Amino acid sequence: MRVLGIETSCDETSVAIYDQCQGLLVNKVYSQDSLHADYGGVVPELAARDHVRKIVPLILSTLRQVYLKPEDINGIAYTAGPGLIGSLLVGATVARTFAYACKIPAIDIHHMEAHLLAPMLEKKVPEFPFVALLVSGGHTQLVFASNIGEYKILGESIDDAVGEVFDKIAILLGLKYPGGALLSQMAQQGIADRYIFPRPMIDRPGLNLSFSGLKTFAVNTIMSSAHDVQTHADIARAFEDAIVETLAIKCRRALDQTGLKCLVVSGGVSANHALRAYLARMMHILKGKLFFPSPEFCTDNGAMVAYTGFIRLKAGLFSDLPILVRPRWSLESLPRIRQLL
């Protein structure tokens, strides 16, 4: 089986091909960062229009790169949610049209399940069950994953997602959008403990998270402090330390609650070096196992969609002809696949 994956949930247009025997053949990503930079965030209408312009040429160039024709594809996987409805509709429409024209099955993919399974693209893969921390620009969730399609939300952000907060604070520190990675680079030059930021909701029971208060604290700190390079670096360090430690504390609680010692971390923020290092130390102390996707599979990409589509199509699942996208879509509602990988 050879599956073409299409990802258009937000501001990346991505196409990939996953082959049952050879694994990932190709993964191409077009980013809209420069398009949205002047606005300091994603403009949904502009994102959808850019997907319309890029998606078909990207599919054709992806096929050409690995010397394949449309008739060499056996299935189509496309992100159907969660995400921006206009962007989702572009990918879903193109995918369903491709599938109908080639008389092959198509499967709608949950964006966060694709992130959760992204580490399966690596040489060393996690075994079920495990706890997953999904951290991206739109979602922050702790998930108990007992099998493909068998997920329980243990906790999630009740307000802002981690990636969203990173980008907003980065802009106030004078960095370009998207600024999460740039803020992390700035933090490396910061002096530890010059500023102490709160660790939100760690003194409350449960696994939910909240970052709006931390964002407000950071904003007030920036506004009331000097605006020199070192001060900004020190604030970035304090802010990142607070985010990382808060996430680690919640991950430790989730592991203790479930009795597991396997942690998967995925999503755009999982590329953060400070988060990776902190969790690596924590899991070493716990004598547990930690899994991340490669940096290229942390942000939105077609590879994770193609792989997830392969798993579900192989299990005999497919979506009906009507085009249906879900801007909001619970992980817990997905069809289960009983057979373990």
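If you check an unreviewed UniProt entry, the protein appears there as tRNA N6-adenosine threonylcarbamoyltransferase from Candidatus Blochmannia vicinus. Per UniProt, the protein carries the Sequence similarities (unreviewed entry) text "Belongs to the KAE1 / TsaD family." On record in UniProt, under Catalytic activity (unreviewed entry), the comment for the protein is "L-threonylcarbamoyladenylate + adenosine(37) in tRNA = N(6)-L-threonylcarbamoyladenosine(37) in tRNA + AMP + H(+)".

**Focus on the overall build of the protein**
A tally of helices and strands in the protein yields ten helices and ten strands. A compact globule built from 341 residues would reach a C-alpha radius of gyration of about 20 Å, and the protein, at 20 Å, matches this within 12%. Here the C-alpha coordinates of the protein stretch approximately 60 × 45 × 30 Å along the principal axes. Here the protein, with 341 residues, has 53% of them falling under the buried criterion. A separation threshold of at least 6 residues defines the contact pool for the protein, and within that pool the share at least 24 residues apart is 72%. Working note: accessible area of the protein is about 15,200 Å², and carbon and sulfur atoms make up 54% of it.

**Digging into the pattern of salt bridges**
A complete count under the given rule lists eleven salt bridges for this structure. For Arg 312, the salt bridge is made with Glu 113, and the minimal N-O distance between the two is 3.0 Å. Highlighted residues: Arg 312 in helix α10 (residues 302-314) and Glu 113 in helix α4 (residues 111-117), separated in sequence by 199 residues. Overall, the relative accessible area of 3% leaves Arg 312 in the buried class. What makes Glu 113 buried here is its relative accessible area of 1%. Across the salt bridge formed by Arg 252 and Asp 256, the nearest N and O atoms sit 3.4 Å from each other. Here Asp 256 and Arg 252 lie together in helix α8 (residues 229-258), a separation of four residues that amounts to about one turn.

**Things to note about the packing of aromatic side chains**
When we look at a pair of aromatic rings, we describe it by the centre distance and by the angle of the planes. Overall, the coordinates contain five aromatic pairs when judged by the stated rule. Between the aromatic rings of Phe 166 and Phe 239, the centroid separation amounts to 5.4 Å while the plane-to-plane angle is 80°, which identifies the pairing as edge-to-face. Of the two residues, Phe 166 sits in helix α5 (residues 162-172) while Phe 239 sits in helix α8, which places them 73 residues apart along the sequence. Overall, the relative accessible area of 0% leaves Phe 239 in the buried class. On the basis of an interplanar angle of 70° and a centroid distance of 5.1 Å, the ring pair of Phe 197 and Phe 217 is categorised as edge-to-face. Linking Phe 197 in the loop between α6 (180-187) and α7 (212-223) with Phe 217 in helix α7, this pair joins segments that are 20 residues apart in sequence. The exposure class of Phe 197 is buried, given its relative accessible area of 2%. The rings of Tyr 18, Tyr 307 and Phe 310 are connected pair by pair, giving a single aromatic cluster. Sitting above the plane of the Tyr 30 ring, Lys 54 keeps its charged end 4.8 Å from the centroid.

Rules and cut-offs
Residues numbered from 1 in each chain as written. Predicted model: local features only at pLDDT ≥ 70, side-chain atom pairs only at ≥ 80, totals over all residues. Heavy atoms only, no water. UniProt positions renumbered as here; feature names shortened; annotations may be inferred. Helix = DSSP H or I, 4+ residues; strand = E, 2+ residues; numbered from the N terminus. Rg over C-alpha atoms; globule rule 2.2 N^0.38 Å. Buried < 20%, exposed > 50% of the residue type's maximum accessible area, 1.4 Å probe, protein only. Contact = heavy atoms within 4.5 Å. Areas by Shrake-Rupley, 256 points an atom, 1.4 Å probe, with all protein chains shown as cover. Salt bridge = Lys/Arg side-chain N within 4 Å of Asp/Glu carboxyl O. Phe/Tyr/Trp six-rings, centres within 6.5 Å; stacked < 30°, edge-to-face > 60°. Lys NZ or Arg CZ within 6 Å of the ring centre and 35° of its normal.

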